[in-house]
Amino acid sequence: IMKKITNRIEKLPENDHKISVSYFNLSTAYAKLNRLDEAINCAEKSIEQLLKSVPADHPEVKENREQLEGLRKKQWLQRLYD
């Protein structure tokens, strides 16, 4: 499923808001699977993509950044206890 989403993302216009939403959703899915590297990568792409269509102070950018920081903290804690 995630590969299908990634393939669909590649077909959208570069500044399409759906790309950011898709990356955010992928990030959430990867996080639930505890695949934090991929979750963080998708969260970063979501923010990068979102900034192509909205200003940096947009509430959605804030939400995505909060998710990214939460993932980084979770990853840090996981590595700390491994």
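Look up: the structure comes first, before these words.
Quick notes on the rules
Residues numbered from 1 in each chain as written. Predicted model: local features only at pLDDT ≥ 70, side-chain atom pairs only at ≥ 80, totals over all residues. Heavy atoms only, no water. Helix = DSSP H or I, 4+ residues; strand = E, 2+ residues; numbered from the N terminus. Contact = heavy atoms within 4.5 Å. Core = buried A, V, L, I, M, F, W, Y, C linked by side-chain atoms within 4.5 Å. Buried < 20%, exposed > 50% of the residue type's maximum accessible area, 1.4 Å probe, protein only. Axes fitted to C-alpha atoms, helices over the stretch in contact; angles between N-to-C directions. Parallel < 35°, antiparallel > 145°, perpendicular 65-115°, else oblique. Left-handed = near helix turned anticlockwise from the far one by under 90°. Nonpolar A, V, L, I, M, F, W, Y, C, P; charged D, E, K, R; others polar.

> Looking at this model, I keep getting lost on the environment of leucine 26. Mind explaining?
Mapped onto the elements of the fold, leucine 26 is located in helix H2 (residues 17–32). Separated by 16 residues in sequence, leucine 26 and cysteine 42 have C-alpha atoms that sit 6.4 Å apart. Beyond its immediate sequence surroundings of up to four residues, leucine 26 is in contact with Met2, Ile5, Thr6, Ile9 and Cys42.

> Help me understand the nonpolar core, please; the structure alone is not making it clear to me.
Side chains that are nonpolar tend, in soluble globular proteins, to be buried together. Residues Tyr23, Leu26, Tyr30 and Leu71 are the most contacted members of the largest nonpolar core, which totals 15 residues. Elements supplying a minimum of two residues to this core: helix H1 (2–11), H2, helix H3 (36–50) and helix H4 (59–81). Looking at which element gives the most residues to this core, the answer is H3, with 6 residues. Not counting the four nearest positions on each side in its chain, tyrosine 30 is found in contact with Met2, Arg35, Glu38, Ala39 and Cys42.

> How should unusual backbone geometry be read in this particular structure?
In terms of backbone geometry, most residues other than glycine have negative phi values and most peptide bonds are trans. The backbone phi angle of asparagine 34 is positive, close to 60 degrees, even though this residue is not glycine. Locating asparagine 34 in the fold gives a position in the loop between H2 and H3. Residue asparagine 34 is classed as partly exposed on the basis of its relative accessible area of 39%.

> Any chance you could explain the packing of H2 against H3 here in plain terms?
Between two packed helices, both the angle of their axes relative to each other and the distance between the axes serve to describe the pair. Running from amino to carboxyl end, H2 crosses H3 at an angle of 160 degrees, the nearest separation of the two axes being 8 Å. Considering their axes alone, H2 and H3 lie roughly antiparallel with respect to each other. Considering only the axes of H2 and H3, their crossing is left-handed. Between H2, through His17, Ile19, Ser20, Tyr23, Phe24, Leu26, Ser27, Tyr30 and Ala31, and H3, the contact on the second element is made entirely by Leu36, Glu38, Ala39, Cys42, Ala43, Lys45, Ser46, Gln49 and Leu50. Considered class by class, the residues forming the contact of H2 with H3 number 11 nonpolar, 5 polar and 2 charged.

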